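Spelled out from the first residue to the last, the chains are:
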Amino acid sequence: MSIPLFLVFWIVDIFNYPEHKYFFGVLRLLVIPLFFTYQILLKKVSSFEALQKSAAIYIFINAAIINVMIFIIADISSGYYAGLNLIAIGGLSFLPLTNIYFIISAIGIYAPFFLISALLLQYSHENINIFLQNTFFIVGSLIICALIRFFNEKIRMKQIAAQLNLEEELRLREEIIKTKTIEATKLNQLSAQFSPQVVEAIKSGKINLDESMKRSKICAIFIDIVNSTERVVKLDQDKVQLVIARFLDTVLSVFLKYDLTIDKFHGDGVLAFANSPVTRQDFIERTCMAAIEAREMLQRDREFYILNWKSEMHVRVGISVGFANVGFYGDKKYFKTFSAIGAPLPFASRLTSIAQADQILIDSDIADCLSGQNFSTKVIGERILKGFDDDTNVVHELVDQIKENTAGQNKKCPNHPESILYLDTNSQGHFVFKCRECGFSETDLTVDYFGKQVV
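Residues numbered from 1 in each chain as written. Predicted model: local features only at pLDDT ≥ 70, side-chain atom pairs only at ≥ 80, totals over all residues. Heavy atoms only, no water.

Regarding the side chain of glutamine 359
Looking at the secondary structure, you find glutamine 359 in strand S6 (residues 359–363). Judged by its relative accessible area of 11%, glutamine 359 falls in the buried class. From its side chain, glutamine 359 meets the backbone nitrogen of glutamine 356 in a polar contact 2.8 Å long. Residues within four places of glutamine 359 in sequence aside, it is in contact with Val315, Arg316, Val317, Ile380 and Glu397. (Helix = DSSP H or I, 4+ residues; strand = E, 2+ residues; numbered from the N terminus. Buried < 20%, exposed > 50% of the residue type's maximum accessible area, 1.4 Å probe, protein only. Polar contact = N/O pair within 3.5 Å; in protein donor to acceptor, adjacent residues only side chain to side chain. Contact = heavy atoms within 4.5 Å.)

Observations regarding the pattern of salt bridges
Counting across every chain of the model gives 13 salt bridges. Close ionic contact of arginine 286 with aspartate 282 constitutes a salt bridge, the shortest N to O distance being 3.3 Å. For arginine 286, a relative accessible area of 4% corresponds to the buried category. Given the relative accessible area of 28%, aspartate 282 is considered partly exposed. (Salt bridge = Lys/Arg side-chain N within 4 Å of Asp/Glu carboxyl O.)

A short note on the environment of serine 349
Of note, serine 349 is situated in helix H14 (residues 344–354). Once the C-alpha coordinates of serine 349 and glycine 269 are considered, the two residues, 80 residues apart in sequence, prove to be 9.5 Å apart.

Topic: the packing of aromatic side chains
Under the criterion given, the structure shown has eight aromatic pairs. With a centroid separation of 5.1 Å and 75 degrees between ring planes, the pair formed by phenylalanine 35 and phenylalanine 36 is classed as edge-to-face. By relative accessible area, which is 27% here, phenylalanine 35 ends up partly exposed. By relative accessible area, which is 49% here, phenylalanine 36 ends up partly exposed. Centre to centre, the rings of phenylalanine 136 and phenylalanine 137 are 5.7 Å apart; their planes meet at 75 degrees, and the pair counts as edge-to-face. Accessibility expressed as a relative area gives 62% for phenylalanine 136, which makes it exposed. The lysine or arginine in question, arginine 246, covers the ring of phenylalanine 304, its NZ or CZ lying 3.9 Å from the ring centre. (Phe/Tyr/Trp six-rings, centres within 6.5 Å; stacked < 30°, edge-to-face > 60°. Lys NZ or Arg CZ within 6 Å of the ring centre and 35° of its normal.)

Let's talk about the environment of leucine 41
As for its placement among the helices and strands, leucine 41 is situated in helix H4 (residues 31–42). Placed 13 residues apart in sequence, leucine 41 and serine 54 show a C-alpha to C-alpha distance of 8.2 Å.

Things to note about the pairing of S6
A large share of S6 lies buried, amounting to five of its five residues. Burial of the side chains of S6 extends over both faces: Gln359, Leu361 and Asp363 are buried on one face and Ile360 and Ile362 on the other. Across three bridges, S6 lies against strand S8 (residues 394–401) in antiparallel orientation. From the neighbouring strand, aspartate 363 faces S8, where its bridge partner is valine 395. (Pairing = 2+ DSSP bridges.)

Focus: the nonpolar core
Core analysis: the biggest nonpolar cluster contains 44 residues, and Ile223, Phe247, Phe255, Met313, Ile319 and Ile366 have the highest contact counts within it. Looking at this core, the elements that each hand over two or more residues are strand S1 (214–225), helix H11 (237–257), strand S3 (269–274), helix H12 (283–300), helix H13 (302–308), strand S4 (315–331), S6 and helix H15 (364–370). Excluding residues that lie within four positions of it along the chain, isoleucine 366 makes contacts with Cys219, Ile284, Cys288, Ile319, Ser320 and Val321. Core analysis: the second largest hydrophobic core is formed by 33 residues, Phe24, Ile70, Phe102 and Ala106 among them. (Core = buried A, V, L, I, M, F, W, Y, C linked by side-chain atoms within 4.5 Å.)

As for a nonpolar patch on the surface
On the surface, Met1, Leu5, Val8, Phe9, Ile11, Val12, Ile14, Phe15 and Leu86 cluster together to form a nonpolar patch covering roughly 840 Å² of accessible area. Elements that contribute at least two residues to the nonpolar patch include exactly helix H1 (2–8) and helix H2 (10–16). By the secondary structure assignment, phenylalanine 15 is in helix H2. For phenylalanine 15, a relative accessible area of 67% puts it in the exposed group. (Patch = residues over 30% accessible without salt bridge, like charges linked within 9 Å, V, L, I, M, F, W, Y side chains within 5 Å. Areas by Shrake-Rupley, 256 points an atom, 1.4 Å probe, with all protein chains shown as cover.)

Re the side chain of glutamate 293
Relative to the assigned elements, glutamate 293 resides in helix H12. Beyond its immediate sequence surroundings of up to four residues, glutamate 293 is in contact with Val254, Lys257 and Tyr258.

Regarding the packing of H4 against helix H5 (residues 48–73)
At a minimum axis separation of 11 Å, H4 and H5 run at an interaxial angle of 175 degrees. It follows that H4 is roughly antiparallel to H5 by the angle criterion. Where H4 abuts H5, its residues Val31, Leu34, Phe35, Tyr38 and Leu42 lie against Leu51, Ser54, Ala55, Tyr58, Ile61, Asn62 and Ile65. (Axes fitted to C-alpha atoms, helices over the stretch in contact; angles between N-to-C directions. Parallel < 35°, antiparallel > 145°, perpendicular 65-115°, else oblique.)

This is the structure in structure tokens:
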């Protein structure tokens, strides 16, 4: 603002005081090096206090040029005091000065003018009215500067507050995004261990996984591939990876369908348990149904395994029931998993080790629970299990489930008439008929696992 105003008003000097035009021109040109010097000094300013001082000095020097010109012409009736008003409006109104530096800068602008005027009035009292008029306009200019500064400060404070609010909102948003990302990552990891309905219950807060470890009755199941070591040695690595991936996909999908919690992997074996974190009254039956269905699903995929495994896929399964300590184990900083520690898990593993191909072995407690239900079992006899030598281990075989009602066999999908509906569970854990082609679910008729209608 200084440079164009000072240079334009040189035209006034030429017409009003031609005898001083060159000297006044030089004085006015001083604002150019002053401006660039001030710009260089600003880059070195490292505190707000120093910035205030430099601004006050810059304003004073600009006003000093005008005051020198007033002193030279020795005429307080001239309109040059208006130039001081322009400097005041430009400097005091728009620079972010504190109250103390506002007063200091105002004194720096007008104090020399009043001293010069007082000196001239000693020699002549004719211009005292003009001096009073000039003083009136100077006071008016200061009031205008104060008002502009007041409203500018309000606008500036609103802008600062808005900026701070925006930064706070962005910070909170980043925290929310970070938190949600962690939660999403955690739930994504949990989805590989828990069934979709369990994950949904965790999301809704119905299940709190941060609770301390507790003792629960669970049903453990271990499924393992027969002669996997022999096949792995003979087959190409890519084929092995393909087959193991297909095997795990089938087994885990079935286990999660029945609300089984995936505990851990032992080579090509899967260890899981039922009744925690979601409790079910029929958790033993669900585990047995998961074992039978997993075996059936693997047998249905016979062509794939003949092609890639170069053999039929045979598995061994062990199931045991009992109490275990269940909860999150590990350190949050490194790795933490929901797991169970107790006799049922190693017992299920030992049953698997003595099972024949495609055989499902269960302990006597499970056999007693299934007695009288729609399951076919038979006694294998007493067996010695490593780690359980002191106990009498009567082993039973789970042969199959007996489906008394075939009501779903003739049900067909409206979208795929050629597709027969199969029995599955919905998000509430109820058994319904579904289409394998499109996932259509017949919700108007809810049935239990054996096809009996549930009201």
